Amino acid sequence: EYNPMRNPPAELLSEGVEILLQYCRIRDARLEKFKQLLTEFQFDYDELHMAPEAFGVITGRSGFLTPDDLTAFDKECDAYLNGPYYACPKTDVDILERVDNLRHEREHTFYHTILLSLIDLMREEISSHGDPGKRRFGHGVLLEETRPWGREGEEVGSYALSLDALVKLGRPNRYRKKERPALFDVLKERLPPSLFDYTLEVLKDAIVKYQGPYGHVAQLDKVEFERCECVDEKGRGMGHEPCVLPAICIEKIIYSQGEAQRRVQEDDKIRSAWAKLWQDLETKIKQRHGKLILNNEVHRRKRTVQTRIKGCKEALDAAKSKVKEENEKFEIAKRRKINFENGDAFNFHRLSSAEEAQQLEVDAAEKVDAAQQSVKSSEGGLAMAKQQLKMPPKVLLQIAIEDVKRKYCVVKWQEIIDENRREAIDSGWRRPWDGKDGKLFEDYSRRWAPGLNAGQDCDTLPVWIKKLRPDATQIFTPDPNLPPGAVQAKTAAQIAYELFPFDWRETDDMTLYENQYYDAFEADYITEDMAAQNRKVARNLRHLERTGKTLDKNFAPEDVKQALGTTDGGEIRA
């Protein structure tokens, strides 16, 4: 009954015995190779279910493949192994790779569902719907922390839950008035219906096996909790210090592959735009008009520094006068305290108690310290301004170029981010990399999503970006109603803008343009015609100007002349 010769494909019956025997040999070889591949792909199978008709071929290690998945696999096996297999377009490897990929996909989706539901539940329990007093899982079993699980190994937000709170029912005790369910029991009620059971073993596999785009998103670890809620058999607090418990740790946000891909695309778009900006600006700055504007800006900055030196001197004089004044008040406070301690008449000290006398002296001493600190600050500001005034012309030029690059690159970054945020709102996407755990995008969405979804024309860029836009009169706009042959004249402002479409407005305080992503780009990207040494000097001195510290510990401002081969004097030239 199971002899394949008794039921070969009908079209082979008239081809003769040799063809039928060849059919049997090939079929037998296919069966053997298919069994070998099933073993290599780590499937359990029953070879009796492979012929003469394939059914229930996979018997174990099928993961989370559904009955429909296994039925579809049986049909592919049957088409490949039995009947007119020579007409089957798929190879054995194709069939096994497809079902193996599907097995991994089903496993990934199943674990992803469990972990997402667990994260949502932890978030709800921590927030307690905005009422911390209703929190069932206290700081002794559930807390927020960080783990180095980011794309570049950076710290990301995560939750930690003790294993006891996950699996055990919490009886009422001195730390909780009501019975607390095991969080895993609550989780099972939240999870969608499934053909597969939600067990602790499955949860453990999800924690150990699941990987996001950047690696593992959860692990079992020992965690130090903020307080101890452990009790002994008699319900007495054990007071562990610190209280370290085995726990499940899990990221607050699990990236999808699509989100990771969009993040890379956004980074590439920004870096490409920055590189083009650098090249455009360096080209414009070398031209005659650009050199003139750059020189004017450097001279303006020198005048600004001279004005600052004058202000620092005035502030220093005022601070020194304040120190003198506060020292006199401190001496008076000490005399009043001594008079009180000597038992002199009230009119000599006007103090009612020893505590008041002590506080009087302490307050006076603090004011002296504050005044002296103000003197130090003024001295530091004056010294820094004088150092800036002595900077070589080449460094002043480089700092000005670095500043205008940073300004326009950060503005471009903000424009790209805003454009992508609007697209994410329109498409219903998350942006978990936008701010800590995606908080900046969440705030943006709360403010702008209602209007954008309603079709309103919203200008969502920050106000400071709008202020930096060029004046409308600087932009040349062709007149569509101009008669044929007529030439539309450009204004002087429009011609100047086309020659050098950059400016140094709002660059006296560069804190407005602080951006960690641009910092990394600036440190990596060097154009061919730019001296790395000059760039290093400029960046260190600009950082010194802003913060009082250099970026590189081994960098000394007095080495600037030697590094650049320049002198303090001479004409400033681009």
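As the structure is a computational prediction, the values presented were derived from the model and not from experiment.

## Remarks on the overall build of the protein chain
Stage number 1. Along the protein chain, the regular secondary structure elements total 17 helices and eight strands.
Stage number 2. Put simply, of all contacts in the protein chain between residues at least 6 apart along the chain, 66% involve residues at least 24 apart.
Stage number 3. Working note: accessible area of the protein chain is about 33600 Å², and carbon and sulfur atoms make up 51% of it.

## Focus: the environment of Val-141
Stage number 1. As for its position among the elements, Val-141 is in the loop between helix 3 (92–127) and strand 3 (142–147).
Stage number 2. Sequence-wise, Val-141 and Ala-247 are 106 residues apart; in three dimensions their C-alpha atoms are separated by 8.5 Å.
Stage number 3. The contacts of Val-141, once residues within four sequence positions are left out, are Ala-160, Leu-161, Ser-162, Ala-165, Arg-180, Phe-225 and Glu-229.

## A short note on helix 15 (residues 516–524)
Stage number 1. Taken as a whole, helix 15 has its buried residues at Tyr-518, Phe-521 and Glu-522. Buried residues of helix 15, seen end-on, are gathered within an arc of 100° and therefore sit on one face of the element. Opposite the packed face of helix 15, turned more than 90 degrees from it, sit the exposed residues Gln-516 and Asp-524.
Stage number 2. The N-cap residue of helix 15 is Asn-515: its side-chain oxygen and the backbone nitrogen of Tyr-517 are 2.9 Å apart.

## Structural notes on the environment of Val-186
Stage number 1. Within the secondary structure layout, Val-186 lies in helix 5 (residues 183–190).
Stage number 2. On a C-alpha basis, the gap between Val-186 and Leu-121 in space is 8.4 Å, while along the polypeptide they are 65 residues apart.
Stage number 3. Residues in contact with Val-186, not counting those within four places in the same chain, are Leu-121, Arg-136 and Pro-181.

## Points about the layout of surface pockets
Stage number 1. In this structure, the largest pocket occupies an estimated 810 Å³ of space.
Stage number 2. Along its surface, the largest pocket is lined by 34 residues, and Trp-413, Ile-417, Asp-434, Asn-515 and Tyr-517 are the ones closest to its centre.
Stage number 3. Only helix 7 (257–286), helix 11 (393–427), helix 12 (439–453), helix 13 (463–467) and helix 15 provide two or more residues apiece to the lining of the largest pocket.
Stage number 4. Of the pockets and cavities examined, the second largest pocket occupies roughly 500 Å³.
Stage number 5. Around the second largest pocket, the lining is made up of 27 residues, and of these Glu-154, Glu-155, Val-156, Tyr-255 and Arg-263 lie nearest the centre.
Stage number 6. Of all the secondary structure elements, the ones that give two or more residues to the lining of the second largest pocket are strand 4 (156–162), strand 6 (215–216) and helix 15.
Stage number 7. Partitioning the lining of the second largest pocket into residue classes produces ten nonpolar, eight polar and nine charged.

## A word on the confidence of the model for the protein chain
Stage number 1. On average, the protein chain scores 85 in pLDDT, and the residues at 70 or more come to 87%.
Stage number 2. Of the regions scoring below 50 in pLDDT, residues 1–7 engages in five contacts with residues more than four places distant in sequence or in other chains.
Stage number 3. Segment residues 561–574: pLDDT under 50, and 30 contacts once partners within four positions in sequence are set aside and those in other chains are kept.

## Notes on the sheet that holds strand 4
Stage number 1. Strand order in this open sheet of four strands is 3-4-8-7, and the pairing throughout is antiparallel. Every other strand in the sheet has two partners, leaving strand 3 and strand 7 (218–225) as the edge strands with one partner each. Neighbour-to-neighbour, the strand axes of the sheet open up by a mean angle of 40°, direction not taken into account.
Stage number 2. With five bridges joining them, strand 4 and strand 8 (residues 243–251) adopt antiparallel strand pairing. Looking at the pairing, Ser-162 lines up with Ala-247 of strand 8.

## Concerning the packing of helix 3 against helix 5
Stage number 1. Look at helix 3 against helix 5: their axes get within 10 Å of each other, and the N-to-C directions meet at 120°. Of the possible angle classes, the one that applies to helix 3 and helix 5 is oblique. The hand of the helix 3/helix 5 crossing is right-handed. The residues of helix 5 that touch helix 3, namely those facing Ile-114, Ser-117, Leu-118, Leu-121, Glu-124 and Glu-125, are Leu-183, Val-186, Leu-187 and Arg-190.
Stage number 2. Looking at the contact of helix 3 with helix 5 residue by residue, the classes come out as six nonpolar, one polar and three charged.

## Remarks on unusual backbone geometry
Stage number 1. Cis geometry marks the peptide bond from Ala-51 to Pro-52; its omega dihedral reads 0°.
Stage number 2. One non-glycine residue with positive phi stands out, namely Gln-42, at about 65°.
Stage number 3. Its location among the elements puts Gln-42 in the loop between helix 1 (17–40) and strand 1 (44–45).
Stage number 4. Gln-42 sits in the partly exposed class, given a relative accessible area of 49%.
Stage number 5. The residue Asp-437 is not glycine, and still its phi comes out positive at about 55°.
Stage number 6. As for its position among the elements, Asp-437 is in the loop between helix 11 and helix 12.
Stage number 7. On the basis of relative accessibility, which here comes to 22%, the residue Asp-437 falls in the partly exposed class.

## Some remarks on the pairing of strand 8
Stage number 1. Summarising burial for strand 8: seven of the nine residues are buried, a large majority.
Stage number 2. Taken together, the eight bridges between strand 7 and strand 8 define a ladder with antiparallel strand orientation. Bridge pairing in strand 8 places Glu-224 opposite Val-244.

## Structural notes on the packing of helix 7 against helix 11
Relative orientation and spacing of two packed helices are given, respectively, by the angle between their axes and the distance between those axes.
Stage number 1. One can describe the packing of helix 7 onto helix 11 by two numbers: an axis separation of 10 Å at closest approach and a directional angle of 145°. Like other packed secondary-structure pairs, helix 7 and helix 11 cross with a definite hand, here right-handed. Residues Glu-266, Lys-269, Ile-270, Ala-273, Trp-274, Leu-277, Trp-278, Leu-281, Glu-282 and Ile-285 of helix 7 lie in contact with helix 11, whose contacting residues are Ile-401, Val-404, Lys-405, Tyr-408, Cys-409, Val-410, Lys-412, Trp-413, Ile-416, Ile-417, Glu-419 and Asn-420.
Stage number 2. Looking at the contact of helix 7 with helix 11 residue by residue, the class counts come to 15 nonpolar, one polar and six charged.

## Considering the packing of aromatic side chains
Stage number 1. Going through the model one piece at a time under the given rule, you end up with 17 aromatic pairs.
Stage number 2. Ring centres of Phe-110 and Phe-196 lie 6.0 Å apart, and the angle between their planes is 75°; this geometry places the pair in the edge-to-face category. Taken together, the residues span a long stretch of sequence, with Phe-110 in helix 3 and Phe-196 in the loop between helix 5 and helix 6 (200–209) at a distance of 86 residues.
Stage number 3. These aromatic residues form a ring-pair network of at least three members: Phe-64, Phe-110, Tyr-111, Phe-196 and Tyr-198.
Stage number 4. For the cation-ring pair, Arg-262 lies above Trp-429, with the distance from its terminal atom to the ring centre recorded as 4.2 Å.

## Some points on the nonpolar core
Proteins that are soluble and globular tend to have nonpolar side chains buried together.
Stage number 1. Membership of the largest hydrophobic core comes to 33 residues, with the highest contact counts inside it found for Leu-115, Leu-118, Met-122, Leu-161 and Ile-250.
Stage number 2. Counting residues per element, the ones that place at least two in this core are helix 3, strand 4, helix 4 (163–167), helix 5, helix 6 and strand 8.
Stage number 3. With nine residues, the single largest contributor to this core is helix 3.
Stage number 4. With residues near it in sequence (within four places) discarded, Ile-250 still touches Leu-115, Leu-118, Ile-119, Met-122, Trp-149, Ser-158, Tyr-159, Val-217 and Ala-218.
Stage number 5. Counting 27 residues, the second largest nonpolar core, distinct from the first, contains Ala-273, Leu-277, Ile-285 and Leu-396.

Parameters and conventions
Residues numbered from 1 in each chain as written. Predicted model: local features only at pLDDT ≥ 70, side-chain atom pairs only at ≥ 80, totals over all residues. Heavy atoms only, no water. Helix = DSSP H or I, 4+ residues; strand = E, 2+ residues; numbered from the N terminus. Contact = heavy atoms within 4.5 Å. Areas by Shrake-Rupley, 256 points an atom, 1.4 Å probe, with all protein chains shown as cover. Buried < 20%, exposed > 50% of the residue type's maximum accessible area, 1.4 Å probe, protein only. Arc of directions from axis to C-beta. Polar contact = N/O pair within 3.5 Å; in protein donor to acceptor, adjacent residues only side chain to side chain. 1 Å grid on protein atoms, 1.4 Å probe; cavity = no way out; pocket = protein on both sides within 12 Å on 5 of 7 lines; lining within 4 Å. Points joined across faces, edges and corners; volume = space filled by probe spheres on them. Nonpolar A, V, L, I, M, F, W, Y, C, P; charged D, E, K, R; others polar. pLDDT = per-residue confidence, 0-100. Pairing = 2+ DSSP bridges. Axes fitted to C-alpha atoms, helices over the stretch in contact; angles between N-to-C directions. Parallel < 35°, antiparallel > 145°, perpendicular 65-115°, else oblique. Left-handed = near helix turned anticlockwise from the far one by under 90°. Phe/Tyr/Trp six-rings, centres within 6.5 Å; stacked < 30°, edge-to-face > 60°. Lys NZ or Arg CZ within 6 Å of the ring centre and 35° of its normal. Core = buried A, V, L, I, M, F, W, Y, C linked by side-chain atoms within 4.5 Å.

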